[in-house]
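Read off the chains here:
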Amino acid sequence: MAKQESPFDTLRQYMPNGSFDAVMVYFEKHSIHLTLTETRKTRLGDYRSPAPGQHFHKISVNATLNQYSFLVTLLHEIAHLTTYVAFKNKVAPHGAEWKAEFKNVLEPFIGKKIFPKELDTVLRAYLKNPAASTCADPNLFKALRRYDPRAASLVHVDEIPDGAKFELEGRLFEKISQLRTRARCKDLKTGRLYFVQGVALVTLASGKLKMPVRVGTGGQN
């Protein structure tokens, strides 16, 4: 999917019911160029402050995220915008000021039947000390990924036992041991050892192992 400047009305199809109007408040108050882009492995979204001679902010979000991940990511980037407006470049990108702004931006969406109850609970806990990325918080990352269309056929590396074989990016691995946030795994083709993030979603190579019970991929409170 090529990058494309997106008319704001198209946001409705990417976000949960009941969230569009509240998000549009920020687009009405600030000049924002929003770009929906293809999946990026290193980041889910991005914020860029106005360049010299320009008056608009730039935000990009991965268009392939599920509706809840999309909303959280968009609000994450909007919090960067409001932090910039308040402090310019005088504060750390994910410091105390951004954390306070993100809490102010995200909190009004919680408990409004926008997110499923499970996500409301996880998001409240997350806002006590927001991480620089949802990927950096295992509980939130897992909770959000359960609503991905393919989630029912995938399992997190830290949920499978040692000795289990799994496929990741077209390669076959065996899990050797679980560490705190990563797993020590062996590439079965090359014999090389790798450390794989425990929250990574993979496909089990053996049908003998039962998949964990997962929450459904849709529905509201």
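Our subject is the structure that appears above.
Residues numbered from 1 in each chain as written. Predicted model: local features only at pLDDT ≥ 70, side-chain atom pairs only at ≥ 80, totals over all residues. Heavy atoms only, no water.

Visitor: I'd like to hear about helix H5 (residues 138-145), residue by residue, with values.
Guide: Buried within H5 are the following residues: Leu140, Phe141, Lys142, Ala143 and Leu144. Elements in contact with the buried residues of H5: helix H2 (67-87), helix H4 (117-126) and strand E5 (155-156). (Buried < 20%, exposed > 50% of the residue type's maximum accessible area, 1.4 Å probe, protein only. Helix = DSSP H or I, 4+ residues; strand = E, 2+ residues; numbered from the N terminus. Contact = heavy atoms within 4.5 Å.)

Visitor: For the pattern of salt bridges, give the residues involved together with the corresponding values.
Guide: All told, the structure shown has five salt bridges when counted by the stated rule. Where Glu118 meets Arg146, a salt bridge forms, and the shortest distance between an N and an O atom there is 2.7 Å. Within this pair, whereas Glu118 is found in helix H4, its partner Arg146 is found in the loop between H5 and E5, the two being separated by 28 residues in sequence. In this structure Glu118 comes out as partly exposed when scored by relative accessible area, which is 23%. The closest approach of N and O atoms between Arg145 and Asp148, which form a salt bridge, is 2.6 Å. (Salt bridge = Lys/Arg side-chain N within 4 Å of Asp/Glu carboxyl O.)

Visitor: Please provide a residue-by-residue account of the packing of aromatic side chains, values included.
Guide: Taken as a whole and judged by the stated rule, the model has seven aromatic pairs. Taking 5.3 Å as the distance between ring centres and 20° as the angle between the ring planes, the aromatic pair formed by Tyr14 and Phe70 counts as stacked. Taken as a pair, Tyr14 in the loop between strand E1 (4-5) and helix H1 (20-29) and Phe70 in helix H2 lie far apart in primary sequence, 56 residues in all. For the pair Tyr14 and Phe70, one class covers both residues: buried. (Phe/Tyr/Trp six-rings, centres within 6.5 Å; stacked < 30°, edge-to-face > 60°.)

Visitor: Provide a residue-level description of the pairing of strand E10 (residues 201-204), including the pertinent values.
Guide: By the bridge criterion, two bridges tie E5 to E10 in an arrangement that is antiparallel. Pairing of His156 across the sheet is with Leu201, part of E10. In the sheet, strand E6 (residues 165-168) pairs with E10 via two bridges, with the strands oriented antiparallel. Bridge pairing in E10 links Phe166 to Leu204. (Pairing = 2+ DSSP bridges.)

Visitor: How would you sum up the pairing of strand E4 (residues 57-62)? Please name residues and give values.
Guide: Here E4 lies mainly inside the structure; five of its six residues are buried. In this sheet, E4 lies alongside strand E2 (residues 32-37) in parallel orientation, the contact comprising six bridges. Residue Thr35 lies in a different strand from E4, and its bridge partner there is Ser60. Direction of pairing for strand E3 (residues 45-48) relative to E4: antiparallel, over a ladder of four bridges.

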